[in-house]
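Coordinates in review
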Amino acid sequence: MISRRKFLVTFGSALAGVILSASQLEKALAAFQSVEKGSSSQWGMIVDLSKCAGLSCQACIDACVREHNIPKIEGKHHIWWITFVKFENAFPEQTHEMLGEFKELPTLILCNHCYHPPCTKVCPTQATWQREDGIVMMDWHRCIGCRYCMAACPYGSRSFNWVDPRQYLAEITNPMFPTRTKGVVEKCIFCYHRIDRGELPACVEACPNDALIFGDLNKFDSEIRKMLGEEYTIVRKPSAGTKPKIYYILPWGEK
Amino acid sequence: MFEKALKGGKLYWSWIAFLCLLILVGLASYSVQWQVGLGITGMSKEVSWGLYIANFTFLVGVAASAVVVALPTYIYNQHKFEKMTTLGEFLAVAAVTMCILFVLVDLGRPMRVLHVILYPSPNSVMFFDFIVLSGYALWNIIIAWYILSSRITNTDISWYVKVIIYLAIPWAISIHTVTAYLYSGLVARGMWMTALLAPRFLASAFAAGPSLLIIAAIIAKRYANFDVGREAIDKVAQIVTFAMIVNLFFLGCELFVVFYSQHPEHLAHWTYLLFGMDGYGKLVPWIWASIGLGIFAVLMMIHPTTRKNEQLLVFACALIFISIWIDKGLGLIVPGYIPSMVHTVVEYWPTMLETFIALGVWGVGLLIFTVLGKMAIGVFQDYPTEEELKEMMEEEKEEEVVEEVVTAPAKEYTCELCGAVFTDLDECCEHAEKEHKIAKASCDIVCFEKG
């Protein structure tokens, strides 16, 4: 027979253990969720496809390439931070076979700087992480090149330097921004260096048609907040639950 | 102990030389990758994991299963399986080493690998995988080493080694589970995001790892006169059979959910893998070969007559090993990336250099397994336990008795001179003396065995 004393001691310590580990578990689980902070800025962008001039323009892409010394590599080692794909490729869930020209609509895609980025969650070295203002950052000196983040990104917004990128740079167009080495992942960093100086991202500044609207999602009276309240916008793969911060306005019936 | 690995015949040394050659070719190829970057592989922006990670995934399973199958020996004190256990341990050590090497060669900046420890990130499954894999390698080296030393000194295993043995079993399950979580937690990849992935990994591992163990055991029996025992082999063969059946059942479950529900993000990858997509279908023949070989091997393993035939068993085990290698390697990692995240089909195929590097890593693993295995065989042969000595003698006696009992009634003797038939040689001889006047001592000139 088990004595009462022994029973109480065993049962009590087991209960304490469960409670203690449960409280720790809660803490551990909290680490998996990136907290949406209300106090600081949250940067977001609207891509207005009704205003975007499409493949004939490419001003935003050129500006991005020049700003960040992005190498131009053809084929399977290509690297992009912002690029055009067909509408059906950017929004596969929003298309069907009978859709006409709309399928071909050039659609600008870039890193979504998600509220819940799956890429930062999987990084084993914190080489990619989310700033308080929501920008998903990359540290090219920390990255070990395991490419787990590329597997985790549902948008294909990350590129890997399969070879030395510097041999594909005709000139260093922005000496103030680092070039990368082979073996690291790179992606759009929302021009954090320009935002910190109070400037707009290079792509937004370069757009001649005001098709890119950048701003603070936490600021109630910002232009982007007003537009998001008034216009109907969609995001890429909402089913992934990542809550992207790049919103799209579609050219209803115009194109 | 190690000196035991330095003695061997021609066959042993030519096998070692062959493995060294593989390793050298791998090293030379890796030096090119080191210079140029991972661009020398077939991987691309769209398919950013390939042959290396595929092999890594497969070998984690081999490592895990080899131990789980073998270690219960110590818990239940069944020393009959001790030899199999030691082989299993060393197979695990070799497999884990290969896992670590495959991750290393896959890194874009391998010199920074210690960043994983310097900047620990408990939110990354890869961080946990790193911990469980290195821990696992350590436990297995300790266990195997102590088992062999206790053999030599003829003492029991100390209690703390037993603790590690107990620890190693759940740990083995954990390495493959954590590796499955590496994939199944990714919302981006419909093919991997299934709760069935970890159980499927375990089932396939329990088929592939022990298959390799059986092959190794039978090779050791043939070429090194090291018999792990028929009973041990049959037990492990049964495990392989069950595991492979469960594995195929899980595959069926997965296929049912994917193709009946028609959920596009899951369907796309499986459609590409099984039937091809947009005119691309490099993996189609491979995956069907994998499924076909798997089913065929299971049919062979289910029937006891084929399972207990050594040659057929090795053949079936080899089929299972190949089937699962394709399934875990090419059939899991690569199609997870196809179609890509912008719904284009970019195919992947390993390059020559990439294959050489992978073969080099396999060379390292097999070399480790061969050397450690040879060492273990040496120790076991030089230090048989008293029980084993007794058993060996008893077995010899038993065999003799069995021969007498079994063969006597089956034989028939005929008298050459008159054709009379006798069941016993003595009877025949008596008959020869009586009827034909031939001395009993030389009756073998007329009494012959029939047939």
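Being a predicted model, the structure only gives us computed values, none of them experimental. (Residues numbered from 1 in each chain as written. Chains lettered and ligands numbered in written order. Predicted model: local features only at pLDDT ≥ 70, side-chain atom pairs only at ≥ 80, totals over all residues. Heavy atoms only, no water.)

Quick notes on the overall build of chain B
Check the secondary structure of chain B and you find 16 helices and three strands. The C-alpha extent of chain B, read off along each of the three principal axes, is 100 × 50 × 40 Å. Out of the 451 residues belonging to chain B, those deemed buried represent 53%. Long-range pairs, those at least 24 residues apart, make up 74% of the contacts in chain B between residues at least 6 apart in sequence. Here chain B displays about 20,800 Å² of accessible surface, and carbon together with sulfur accounts for 67% of that area. (Helix = DSSP H or I, 4+ residues; strand = E, 2+ residues; numbered from the N terminus. Buried < 20%, exposed > 50% of the residue type's maximum accessible area, 1.4 Å probe, protein only. Contact = heavy atoms within 4.5 Å. Areas by Shrake-Rupley, 256 points an atom, 1.4 Å probe, with all protein chains shown as cover.)

Details of a nonpolar patch on the surface
Residues and elements named next belong to chain B. A cluster of nonpolar side chains, namely Leu21, Val25, Met352, Phe356 and Leu359, defines an oily patch on the protein surface of about 450 Å² accessible area. Listing elements by their share of the nonpolar patch, those giving two or more residues are helix 1 (10-36) and helix 14 (352-382). Broken down by element, the residue count for the nonpolar patch peaks at three residues, all from helix 14. Note that Val25 resides in helix 1. (Patch = residues over 30% accessible without salt bridge, like charges linked within 9 Å, V, L, I, M, F, W, Y side chains within 5 Å. Salt bridge = Lys/Arg side-chain N within 4 Å of Asp/Glu carboxyl O.)

What about helix 4 (residues 82-106) of chain B?
Between the first and last C-alpha of helix 4 of chain B there are 36 Å, a value that for 25 residues agrees with the 36 Å anticipated at 1.5 Å per step. Most of helix 4 of chain B is tucked away: 20 of the 25 residues are buried. (Expected span 1.5 Å × (residues − 1).)

Quick word on the domain arrangement of chain B
Partitioning chain B into domains gives domain 1 (2-392) and domain 2 (411-449). Here the C-alpha centre of domain 2 of chain B lies 63 Å away from the C-alpha centre of domain 1 of chain B. (Domains from an automatic or database assignment.)

Some thoughts on helix 11 (residues 284-302) of chain B
All names here are of chain B. For helix 11, with 19 residues, the first-to-last C-alpha span of 27 Å sits near the 27 Å given by 1.5 Å per residue. The complete set of buried residues in helix 11 reads Val284, Ile287, Ser290, Ile291, Gly294, Ala297, Val298, Met300 and Met301. On its buried face, helix 11 is in contact with helix 9 (230-261), helix 10 (264-275), helix 12 (304-308) and helix 13 (310-333).

Topic: the side chain of Arg194 of chain A
With respect to the helices, strands and loops of the structure, Arg194 of chain A is situated in helix 6 (residues 192-196). Residues contacting Arg194 of chain A, with those up to four places away along its chain left out, are Glu67, Glu199, Leu200, Pro201, Ala202 and Glu205 of chain A.

Points about the pairing of strand 3 (residues 106-110) of chain A
All names here are of chain A. In terms of burial, strand 3 is a largely internal element, four of the five residues being buried. Summarising the sheet, strand 2 (residues 82-86) and strand 3 pair through five bridges and their orientation is antiparallel. Bridged to Thr83 within strand 3 is Ile109. (Pairing = 2+ DSSP bridges.)

Some points on the sheet that holds strand 3 (residues 447-449) of chain B
Residues and elements named next belong to chain B. With antiparallel pairing, the three strands of this open sheet are ordered in space as 2-1-3. The open sheet has two free edges, formed respectively by strand 2 (421-422) and strand 3, since each of these has just one partner strand. Note: strand 1 (residues 413-415) against strand 3, three bridges, orientation antiparallel. From the neighbouring strand, Tyr413 faces strand 3, where its bridge partner is Glu449. Helix 16 (residues 425-436) rests against strand 1, strand 2 and strand 3 of the sheet, and its axis sits at about 5° to strand 1. (Axes fitted to C-alpha atoms, helices over the stretch in contact; angles between N-to-C directions.)

Comments concerning the interface of chain A and chain B
In this assembly, 49 residues from chain A lie in contact with 44 residues from chain B. Both sides together, the interface formed by chain A and chain B hides about 3,600 Å², and carbon and sulfur atoms give 54% of it. Interface area lost by chain A to chain B is led by Ile144, Tyr148 and Trp162 of chain A, which between them contribute 19%. There are one salt bridge connecting chain A and chain B. Along the contact surface separating chain A from chain B lie 30 residue pairs in polar contact (both at pLDDT 80 or more). Sorting the residues of the side of chain A that touches chain B by element identifies helix 4 (118-122), helix 5 (148-152) and strand 6 (159-160) of chain A as the ones contributing at least two each. (Buried area = accessible area lost by both parts, 1.4 Å probe. Polar contact = N/O pair within 3.5 Å; in protein donor to acceptor, adjacent residues only side chain to side chain.)

Remarks on the nonpolar core
Within the largest apolar cluster, 182 residues are counted, with the highest numbers of intra-cluster contacts made by Met45 of chain A together with Trp49, Tyr183 and Trp192 of chain B. Residues in contact with Tyr183 of chain B, not counting those within four places in the same chain, are Trp49, Ile53, Phe56, Thr57, Trp192, Leu197, Phe201 and Ile333 of chain B. Residues Ile46, Ile213, Ile224 and Met227 of chain A belong to the second largest nonpolar core, which totals nine residues. (Core = buried A, V, L, I, M, F, W, Y, C linked by side-chain atoms within 4.5 Å.)

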